[in-house]
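Single-letter residue listing:
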Amino acid sequence: QVQLVQSGGGSVQAGGSLSVACAASGRSFRSYAMGWFRQAPGKEREFVGFINWSGGSTMYADSVKGRATISRDNTKKMVYLQMNSLKPEDTSIYYCAAAPLASDDADRYDYWGQGTQVTVSS
């Protein structure tokens, strides 16, 4: 069992920055890849990016590439999503998730955080 509890996010004006954090419990956390997804009202769930088990490899969706940074600290059992140069279209609920292997497919993820609101105003 891995439990994921999210924090951070909030509201910011366009061009600003926000971070979303994901705190994990469970001794197996270190072996999991961690993904970030987002879903806005009226839109389908969208892949944001992932980081592998060690934190040595990341991958991002084209929509956020260059503006998003995913990092992890396995000693603290924490995963982070840093978003810069935010745009109104980034407004969404952001979810962290854990998977045995890194993937852009949400179905591969076994555990999910509760979601964190990110709102970007124009």
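The paragraphs below set out a description of the structure included in this document. (Residues numbered from 1 in each chain as written. Predicted model: local features only at pLDDT ≥ 70, side-chain atom pairs only at ≥ 80, totals over all residues. Heavy atoms only, no water.)

## Description of the side chain of Asn52
And step 1. Mapped onto the elements, Asn52 comes out in the loop between β5 (46-51) and β6 (58-60).
And step 2. A residue is classified by how much of its surface remains accessible, and Asn52, at 18% relative accessible area, is buried.
And step 3. Once residues within four sequence positions are removed from consideration, Asn52 is found in contact with Tyr32, Ala33, Ser57 and Arg72. (Helix = DSSP H or I, 4+ residues; strand = E, 2+ residues; numbered from the N terminus. Buried < 20%, exposed > 50% of the residue type's maximum accessible area, 1.4 Å probe, protein only. Contact = heavy atoms within 4.5 Å.)

## Quick notes on the sheet that holds strand β3 (residues 18-25)
And step 1. Here 4 strands make up an open sheet; going across it, the order is β1-β3-β8-β7 and the pairing antiparallel. A strand with exactly one partner marks an edge of an open sheet, and here the two such strands are β1 (3-8) and β7 (68-73). Within the sheet, the average angular offset between the axes of one strand and its neighbour, ignoring direction, is 20°.
And step 2. Alignment of β7 against strand β8 (residues 78-83), held across 6 bridges, turns out to be antiparallel. (Pairing = 2+ DSSP bridges. Axes fitted to C-alpha atoms, helices over the stretch in contact; angles between N-to-C directions.)

## Focus: the state of the cysteines
And step 1. Enumeration over the complete set of coordinates arrives at 1 disulfide.
And step 2. One disulfide in the model links Cys22 with Cys96; its S-S distance is 2.0 Å. Handedness here is read from the sign of the S-S torsion; for Cys22 and Cys96, about 60°, the answer is right-handed. Placement of the pair is Cys22 in strand β3 and Cys96 in strand β9 (residues 92-99), with a sequence separation of 74 residues.
And step 3. Among the residues examined, Cys22 registers a relative accessible area of 0% and is labelled buried. (Disulfide = S-S within 2.5 Å.)

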